[in-house]
Amino acid sequence: NSVATVSVNALASLPEDSDTLKLKPGEQFTLDQLLYGMMTGSANDAAVVIAEHIAGSQMGFAAMMNRKAKELGCTGTFFVNAHGMHEDAQVTTARDMVKIVLAAIENEDFCRYFSALEYSIPATELSNARNLTSTNFLMSKGVTEEYYDARVTGGRTGVTDARERCLIATAESGGLKYVAIVLGAVPSITSDGITRFGSYEEVGQLFDLGFKNYRITQILGTDDIIAQYPVLNGDNYIVTGPSRSVFVVLPTNITVKD
């Protein structure tokens, strides 16, 4: 696990309202620690330090991101920075984010960061230990249990300049796995003063829609008889059937007979 050094340039490139770990120039961290800082701690400064370490500059890393996005078939995405804060030229779509997440969750290390609820970065010569807690309330009960969903296996939150909420989450139940993406959810406050994030509610509704309306159904089994064929000069028939069971995802109102 290689070690990255925090540079003055990396910190200077961040917008003033960035969420950060308050990294200091000269501090050194493993990439593992920085990735937890970025994914669990929502730290924009960690993202830029990673980008500089890997590509030499944030611009160079953005170019790598754009090449990868193109490989994955993203047609509405263009990256300008590594931290995700607003820039007019930086754009994406929910559909492209699905493609990116589906590729990312094939990586076991990514899933470890994506699903982490807590992490502690050890103290350095310039700072005390940094204790991180996930901001994904679908997984974490640290702030509120209102949105907790036991089906959720990973997630990452975001906020736009207009304070709109964005959320990517994965969930699994009954053998089904889903990815849900919500961009630009508008928060609101109810009459009794309760904040509604919009993003958690909508992602929860999407998962309910998927899990309640679809299921994995076995349509062929190895014991099924598909057909019988006569044997030339033989007294018996050959019985044929599937060499393996076949399962498909079907709407819950569709039966095997259908």
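Just above, that's the structure.
I tried to follow helix 7 (residues 199-213) on my own but got confused; where do I start?
Structural remark: α-helix, 3.6 residues per turn; residues separated by three or four positions point the same way. The terminal C-alpha atoms of helix 7, which comprises 15 residues, lie 21 Å apart, in line with the 21 Å expected from a rise of 1.5 Å per residue. Along helix 7, the residues that are buried comprise Ser199, Tyr200, Glu201, Val203, Gly204, Phe207, Gly210 and Phe211. For helix 7, the secondary structure elements touched by its buried residues are strand 5 (152-159), strand 6 (165-173), strand 7 (176-185), strand 9 (195-196) and strand 10 (214-220).

Would you explain a negative patch on the surface in this entry?
A contiguous patch of negative charge, built from Glu16, Asp17, Asp19 and Asp161, is present on the exposed surface. Residue classification places Asp17 among the exposed residues on the basis of a relative accessible area of 52%.

Please explain the state of the cysteines as it appears in this structure.
What makes a disulfide is a covalent bond joining the sulfur atoms belonging to two cysteines. Under the counting rule described, the total for this entry stands at 0 disulfides. Left without a disulfide partner, Cys111 is nearest to the cysteine sulfur of Cys74, which lies 18 Å away. On the basis of relative accessible area, Cys111 is assigned to the partly exposed category, the value being 28%.

When you look at empty space enclosed by the protein in this model, what are you seeing that I'm missing?
Over the atoms, a rolling probe the size of a water molecule traces out where space has been left empty. Evaluation of the coordinates by the stated rule reveals 1 cavity of 30 Å³ or more. By volume, the largest cavity is sized at about 40 Å³. Around the largest cavity, the lining residues are Met39, Thr40, Tyr113, Phe114, Ala116, Ser134, Thr135, Asn136, Met139, Gly155, Arg156 and Thr157. Among the elements that line the lining of the largest cavity, the one with the most residues is strand 5, at 3 residues.

Criteria and thresholds
Residues numbered from 1 in each chain as written. Predicted model: local features only at pLDDT ≥ 70, side-chain atom pairs only at ≥ 80, totals over all residues. Heavy atoms only, no water. Helix = DSSP H or I, 4+ residues; strand = E, 2+ residues; numbered from the N terminus. Expected span 1.5 Å × (residues − 1). Buried < 20%, exposed > 50% of the residue type's maximum accessible area, 1.4 Å probe, protein only. Contact = heavy atoms within 4.5 Å. Patch = residues over 30% accessible without salt bridge, like charges linked within 9 Å, V, L, I, M, F, W, Y side chains within 5 Å. Areas by Shrake-Rupley, 256 points an atom, 1.4 Å probe, with all protein chains shown as cover. Salt bridge = Lys/Arg side-chain N within 4 Å of Asp/Glu carboxyl O. Lys, Arg positive; Asp, Glu negative; His and termini not counted. Charge placed at Lys NZ, Arg CZ, Asp CG, Glu CD. Disulfide = S-S within 2.5 Å. 1 Å grid on protein atoms, 1.4 Å probe; cavity = no way out; pocket = protein on both sides within 12 Å on 5 of 7 lines; lining within 4 Å. Points joined across faces, edges and corners; volume = space filled by probe spheres on them.

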